[in-house]
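# A structural walkthrough
Now for the letters of each chain:
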Amino acid sequence: MVDRPTICVTEHIHPDAMARLAEIGNVIGPGPEADDWPARAEAVIVRSAPVSQEQLQRAVRLRVIGKHGAGTDTIDVQAANAAGIPVLTAAGTNAESVADLAICLALNLLRAPDLHDAALRGGRMLAPRQRIGFELSELQAGILGMGAIGRAVAQRLVHGFGAQVLAYDPMLPASDWPERVERAETVDDVLSRSGILFLHLPLLPETTHVLNERAFALMPRGSFVVNCARGGIVDEVALAEAIADGHIAGAASDVFEAEPPDPQHALFSAGRFIGTPHIGGSTEAGLKRTGMLIAERVISELKKPREIED
Ligand SMILES: NC(=O)C1=CN([C@@H]2O[C@H](COP(=O)(O)OP(=O)(O)OC[C@H]3O[C@@H](n4cnc5c(N)ncnc54)[C@H](OP(=O)(O)O)[C@@H]3O)[C@@H](O)[C@H]2O)C=CC1
Ligand SMILES: O=C(O)C(=O)CO
């Protein structure tokens, strides 16, 4: 290993993870000084910050990229692979935190405590019809993507709420498929039957705008959508229109195509929509697990002997 490698951390991570990294290297960041990582870093750890081909071309000392979390869509993984730089993740460490938020958003859509609270503070009550919500178990739940987070959501829905769950994930082996979750053969099967739909797919070219005008039209009238995956999976304009015309009764999203979203975003004036600022993994326990795992993975990679280059 290079004697005390330079490790740039572009965004805030758990202090215990920073302390672990500092045991073996010179840690720079978070903050503007870490933005210069291509010029100086043997390792870079990113949360949402992009890693582009252009940055990688300048990063002659770089040995490893650590993604603090699961989704690598902001990193040019192909360019990193071509340069022989591994992209390591901490996938799974924030699954329980994201699943909690997904259920929280679902319950908020179904019972609207925020709307009731606002009405009470204004000395009013919502109209009798608006005071009637849904139990999670009275709606068919659908999940797209049964990775660590999708499975954690399914576990909560089935065992915590007694809900009927239907899910789609083409690759997950039958041995990992959770009990009491029906396996759908197609995305359309999930869309056409879901009263509440949870998105837990990675953002890939083939999953971009999976939820588009056609998909919303397939969903039952009056259904709900919860997106804790990536903004780009949903055509946000089509969702805003589907909410505005009442076909989708409400939606919640922790993620947006552009973050933070413009306050003038069509979703904020579409009707029943709840937004959160990409906080799915941000719990005390989740951040500690994610920070510690990515720190250990990056350190292990830095300790590997380097191939001698000509
Ligand atoms: N809001 C937040 O703060 C957070 C958001 N995320 C987002 O959630 C996503 C999922 O995270 P996580 O569950 O940990 O990741 P995983 O990789 O464990 O799960 C993703 C699952 O989706 C499957 N999948 C891939 N393509 C498709 C498809 N076309 N249709 C259905 N399923 C598909 C994957 O299969 P396979 O493995 O075979 O590709 C995998 O089983 C992340 O990619 C990230 O974008 C993650 C953490 C926090
Ligand atoms: O883990 C991820 O991919 C996240 O979005 C958490 O920030």
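In this text, all values refer to a predicted model and were calculated from it rather than measured experimentally.

## What about the site of ligand 1?
Taken together, 25 residues surround ligand 1, and among them Ala148, Ile149, Asp169, Met171 and Asp254 come closest. Note that a nitrogen atom of ligand 1 is positioned 2.9 Å from one of the side-chain N or O atoms of Asp254. Interatomic distance of 3.4 Å between a backbone N/O atom of Gly280 and an oxygen atom of ligand 1.

## Considerations on the nonpolar core
Counting residues in hydrophobic clusters, the biggest one holds 34 residues, and the most contacted among them are Ile143, Val153, Leu157, Ile196, Phe198 and Val226. Of all the elements in the fold, those that place two or more residues in this core are helix 5 (95-111), strand 6 (140-144), helix 7 (148-161), strand 7 (164-168), strand 9 (196-199) and strand 10 (223-227). In terms of residue count, the dominant contributor to this core is helix 5 (ten residues). Those residues in contact with Val226 that lie beyond four places of it in its chain are Ala102, Leu105, Ala106, Leu109, Ile196, Leu197, Phe198, Leu199 and Ala252. Counting residues in hydrophobic clusters, the runner-up holds 29 residues, among them Ala184, Leu191, Ile243 and Phe256.

## Concerning the domain arrangement of the protein chain
Domain annotation of the protein chain identifies domain 1 (6-93 + 285-302) and domain 2 (95-275). Using C-alpha coordinates to define each centre, domain 1 is positioned 31 Å away from domain 2. Each partner contributes to the interface: domain 1 provides seven residues, whereas domain 2 provides six residues. Overall, the association of domain 1 and domain 2 removes approximately 430 Å² of surface from exposure, summing both partners, and the carbon and sulfur fraction of that is 39%. The three residues of domain 1 that bury the most area against domain 2 are Asp73, Gly92 and Arg289, which together make up 68% of that side's buried surface. At the boundary of domain 1 with domain 2, the tally comes to one salt bridge. Between Arg230 and Asp73 there is a salt bridge, with its nearest N and O atoms 2.8 Å apart.

Conventions we followed
Residues numbered from 1 in each chain as written. Chains lettered and ligands numbered in written order. Predicted model: local features only at pLDDT ≥ 70, side-chain atom pairs only at ≥ 80, totals over all residues. Heavy atoms only, no water. Near = heavy atom within 4 Å. Polar contact = N/O pair within 3.5 Å; in protein donor to acceptor, adjacent residues only side chain to side chain. Core = buried A, V, L, I, M, F, W, Y, C linked by side-chain atoms within 4.5 Å. Buried < 20%, exposed > 50% of the residue type's maximum accessible area, 1.4 Å probe, protein only. Helix = DSSP H or I, 4+ residues; strand = E, 2+ residues; numbered from the N terminus. Contact = heavy atoms within 4.5 Å. Domains from an automatic or database assignment. Buried area = accessible area lost by both parts, 1.4 Å probe. Salt bridge = Lys/Arg side-chain N within 4 Å of Asp/Glu carboxyl O.

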